[in-house]
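# Analysis of the macromolecular model
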Amino acid sequence: MTTIEIKDASGKKAGDAELSASVFGIEPNVPVMHQVVRAQRASWRAGTSNTLTRGQVRGGGKKPYRQKGTGRARQGSTRAPQFTKGGVVFAPKPRSFRINVPKKVKRLALKGVLTDKVVSDSFIVVEDLNLAAPKTKEMVKVLANLKMDGKTLIVLSAPDETVQRAAGNIPTAAVTLVNTLNVVDMLKADKLLLTKEAVERIEEVYA
């Protein structure tokens, strides 16, 4: 097991915690993490492109000119792709870009990122985030006390409107929950800030 320091909102040490080796102490599998990132980003694509083929463009039922004697190539319709206002060759149609990834692979990737954050000292655990008010300056003060420079992902065990509103106007901070934690958000963040309850919940779910 890995021992990590727990801090309070003022940045002072509030205790120690033992992290589960099965969640925070595995060997990160980079290919698996890459596979999950590709799948997650692909799922964001709308896939709603819809262009008309020559058979779907209105008009063009009459031959533009006679078959022979003009010296030009024969044409049967002005809705062929080479004409203005014609159809599109291999036109894109609505489709799903979703890539199916087994649940075990997703869990392995997530635990790999968590382990990497712990090893690189980018994993900060705080006793709690009980802010006095849902104000940006309150959250800025907490992040400054904890020396959270760069992009910070705050992970909570349950919804907390006070924390979410306080961090809402900070460009370098984002808030997520344990049950919506994902690989892409963690990789985009320079540091993870978790409450003690969030760590316990992660170990409960992924151990």
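The N-to-C vectors of helix H2 (residues 30-43) and helix H3 (residues 103-119) enclose an angle of 115 degrees; their axes lie 9 Å apart at closest approach. As far as their axial angle goes, H3 and H2 are roughly perpendicular. In the crossing of H2 with H3, the sense of the turn from one axis to the other is left-handed. When H2 is examined against H3, the residues Val 32, Met 33, Gln 35 and Val 36 are found in contact with a partner set consisting of Val 105, Lys 106, Leu 108, Ala 109, Gly 112 and Val 113. Here the residues of the contact of H2 with H3 are counted per class, giving 7 nonpolar, 2 polar and 1 charged.

Let us now look at the pairing of strand S4 (residues 152-156). Where burial is concerned, most of S4 is hidden: 5 out of the 5 residues are buried. The side-chain alternation of S4 yields two buried faces, one formed by Thr 152, Ile 154 and Leu 156 and the other by Leu 153 and Val 155. Where S4 and strand S5 (residues 173-177) come together, 5 bridges link them in parallel fashion. Within the sheet, the bridge partner assigned to Ile 154 lies in S5 and is Val 175. Across 4 bridges, S4 lies against strand S6 (residues 191-195) in parallel orientation.

Our focus in this paragraph is the pattern of salt bridges. Enumeration over the complete set of coordinates arrives at 3 salt bridges. The salt bridge involving Asp 149 is made with Lys 191; its shortest N-O contact spans 3.3 Å. With Asp 149 in the loop between helix H4 (136-145) and S4 and Lys 191 in strand S6, this pair connects stretches of sequence that are 42 residues apart.

A separate point is the nonpolar core. By size, the foremost hydrophobic cluster in this structure holds 34 residues, and its most contacted members are Phe 24, Leu 114, Phe 123, Met 186, Leu 192, Leu 194 and Ile 202. Here this core takes 6 residues from H3, the largest share from any one element. Those residues within four positions of Ile 202 in sequence are excluded, and the remaining contacts are Val 23, Phe 24, Leu 114, Val 178, Leu 181, Leu 194 and Ala 207. By size, the runner-up hydrophobic cluster in this structure holds 18 residues, among which are Leu 146, Leu 156, Ala 167 and Ile 170.

Let us now look at the sheet that holds strand S3 (residues 123-126). As summarised here, the arrangement of the 6 strands in space is S2-S1-S3-S6-S4-S5, forming an open sheet in which the pairing is mixed. For this open sheet the edge positions go to strand S2 (13-19) and S5, each flanked by a neighbour on one side alone. Strand-to-strand twist of the sheet, defined as the mean angle between neighbouring strand axes without regard to direction, takes the value 30 degrees.

The subject of this paragraph is H4. Inspection of H4 places Glu 138, Met 139, Val 142 and Leu 143 among the buried residues, and these make up the whole buried set. Viewed along the axis of H4, the buried residues span an arc of 130 degrees, placing them on a single side of the element. The exposed set on the far side of H4, more than 90 degrees from its buried face, consists of Lys 137 and Ala 144. Residues of H4 that are buried sit in contact with S4, helix H5 (161-167), S5 and S6. Positive backbone phi, at 55 degrees, marks Lys 147, one or two positions downstream of H4.

The next thing to look at is a negative patch on the surface. A cluster of acidic residues, Glu 127, Asp 128, Glu 197 and Glu 200, forms a negative patch on the protein surface. Note on placement: Glu 200 falls in helix H7 (residues 196-206).

Another point: the side chain of Lys 117. Following the sequence through the fold, Lys 117 ends up in helix H3. In contact with Lys 117, not counting residues within four places along its chain, are Ser 122, Phe 123, Met 186, Leu 187, Ala 189, Asp 190 and Leu 192.

The rules behind each value
- Residues numbered from 1 in each chain as written.
- Predicted model: local features only at pLDDT ≥ 70, side-chain atom pairs only at ≥ 80, totals over all residues.
- Heavy atoms only, no water.
- Axes fitted to C-alpha atoms, helices over the stretch in contact; angles between N-to-C directions.
- Helix = DSSP H or I, 4+ residues; strand = E, 2+ residues; numbered from the N terminus.
- Parallel < 35°, antiparallel > 145°, perpendicular 65-115°, else oblique.
- Left-handed = near helix turned anticlockwise from the far one by under 90°.
- Contact = heavy atoms within 4.5 Å.
- Nonpolar A, V, L, I, M, F, W, Y, C, P; charged D, E, K, R; others polar.
- Buried < 20%, exposed > 50% of the residue type's maximum accessible area, 1.4 Å probe, protein only.
- Pairing = 2+ DSSP bridges.
- Salt bridge = Lys/Arg side-chain N within 4 Å of Asp/Glu carboxyl O.
- Core = buried A, V, L, I, M, F, W, Y, C linked by side-chain atoms within 4.5 Å.
- Arc of directions from axis to C-beta.
- Patch = residues over 30% accessible without salt bridge, like charges linked within 9 Å, V, L, I, M, F, W, Y side chains within 5 Å.
- Areas by Shrake-Rupley, 256 points an atom, 1.4 Å probe, with all protein chains shown as cover.
- Lys, Arg positive; Asp, Glu negative; His and termini not counted.
- Charge placed at Lys NZ, Arg CZ, Asp CG, Glu CD.

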